[in-house]
Amino acid sequence: MNLLPTEPPACTKDASTLCGQVFQVTNNEWLSASAGWLLTKPIKILMIVAVAFLLRYVIRRLINRVTRMPSGSSKLPALLRPLREKAPEVLGSAVMERRRQRAATIGSVLKSMATLFVYGLAFILVLGELGIDLAPIIASAGIVGVALGFGAQNLVKDFLSGIFMMIEDQYGVGDVVDVGEASGTVEAVGLRITTLRDINGTVWYVRNGEVLRVGNSSQGFAVAVVDVPLSYSADVEKATELMAEKSKTLLESEGLAPNVLEPPEMLGVETVTPEGIKLRLTVKVRPGKQWAVQRALRAHLLAVLDEAGFEPPLGRFMSSGPAGQ
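What counts and how
Residues numbered from 1 in each chain as written. Predicted model: local features only at pLDDT ≥ 70, side-chain atom pairs only at ≥ 80, totals over all residues. Heavy atoms only, no water. Phe/Tyr/Trp six-rings, centres within 6.5 Å; stacked < 30°, edge-to-face > 60°. Helix = DSSP H or I, 4+ residues; strand = E, 2+ residues; numbered from the N terminus. Buried < 20%, exposed > 50% of the residue type's maximum accessible area, 1.4 Å probe, protein only. Pairing = 2+ DSSP bridges. Axes fitted to C-alpha atoms, helices over the stretch in contact; angles between N-to-C directions. Contact = heavy atoms within 4.5 Å. Expected span 1.5 Å × (residues − 1). Arc of directions from axis to C-beta.

**Some thoughts on the packing of aromatic side chains**
Right, on to step 1. Inspection of the entire model under this criterion finds one aromatic pair.
Right, on to step 2. A ring pair is formed by F53 and Y119, whose centres lie 5.7 Å apart and whose planes are at 65°; its orientation type is edge-to-face. Placement of F53 in helix α3 (residues 35-67) and of Y119 in helix α4 (residues 94-129) is noted, with a sequence separation of 66 residues between them.
Right, on to step 3. Using a relative accessible area of 29% as the deciding quantity, one classes Y119 as partly exposed.

**Examining the pairing of strand β8 (residues 277-285)**
For a regular strand, the rule is simple: side chains alternate between the two faces of the sheet.
Right, on to step 1. In this sheet, β8 lies alongside strand β6 (residues 222-230) in antiparallel orientation, the contact comprising nine bridges. Counted as the bridge partner of V228 is L279 from β8.
Right, on to step 2. Where strand β7 (residues 265-272) and β8 come together, six bridges link them in antiparallel fashion. Paired with V269 across the strands is L279, a residue of β8.

**Notes on the sheet that holds β6**
Right, on to step 1. Strand order across the open sheet formed by three strands is β6-β8-β7, with antiparallel pairing between neighbours. Both outer strands of the open sheet, β6 and β7, are each paired with one neighbouring strand and no more. Ignoring strand direction, the axes of neighbouring strands in this sheet form an average angle of 25°.
Right, on to step 2. Along the sheet, helix α8 (residues 290-307) contacts β6 and β8; its crossing angle with β6, the most-contacted strand, is approximately 25°.

**Points about the side chain of T195**
Right, on to step 1. Counting through the fold element by element, T195 comes out in strand β3 (residues 193-197).
Right, on to step 2. A relative accessible area of 12% means that T195 is categorised as buried.
Right, on to step 3. Leaving out residues up to four positions away in the same chain, T195 has contacts with T185, V186, E187, A188, V203, W204 and Y205.

**Examining α8**
Right, on to step 1. Counted at 1.5 Å a residue, the expected span for α8 with its 18 residues is 26 Å, and the 26 Å between its end C-alpha atoms agrees.
Right, on to step 2. All of the buried residues in α8 are Q290, V293, Q294, L297, L301, V304 and L305. What you see down the axis of α8 is that its buried residues fit within an arc of 110°, all on one side. Summarising the geometry of α8, the exposed residues directed more than 90 degrees from the buried face are R295, A299 and E307.
Right, on to step 3. For α8, the elements touching its buried residues are β6, α7 (236-251) and β8.
Right, on to step 4. Phi turns positive, to about 95°, at G309, one or two residues after α8.

Purely geometric numbers; function is a separate question.
Okay, here's the thing in structure tokens:
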């Protein structure tokens, strides 16, 4: 019994088709019938792959262009111009690093999304050209995606939090922030981890998904709060006038004047304790400069009050007296 076909494929009778043309040249039935698979399919698949590579390259070049900062310039990259920026001017050179890092991180996310979309679409088109049924593959991918989502939900949470934090510019390199468990100066900002260095020099790595609230001391303006203790016997009115006058003079000096936004405000008596009373003075300053202004004011005002004869709480009986006594 002969199982081989005795009649050539019907397509070989049509000379206008690729099958007919190959049959006329080779007189081979299998080769002519498979011409579409051997020639047309590989060419289509190569074209899909080539277009995918070219499209990915063009998209990445465009993203690089809108995220690149001009050399030696603090001008915002094109990608960040539509977004709100909260970078304080007092950061100086750190502003450039803050902007560069923010643009690079957002650009990295866009590149990853573009690569996933382009290559994913190309993969689906290639499978379609091969005649593979995509329904089971898509269903399996959905199940795997759900499983990975449950298993890596903390990682996904960190990345999503990092993306929104970057877009909203909640904080950046050079900002002094308090994120709950840690506080300090931001050294690096990533999609998953934020790096802080506290006042003791300890480096803290904080997962973005674990940050529930952020206190940023480097945005807009800050307030320097100075509390000065006095004894009960002190003349509060005189001390208040003296503090207001001397603090204004000090803040007009060359060292502190650039950091001061408004004249000092003398609030008066803040607390009364068994040990004595406290007078409070506040000054609106540039963000991040409140600590330096506080230290300078506190040292100056204590010296001024001491020269004017005002005693600290508990008087001077706690001191050991002059040397040699």
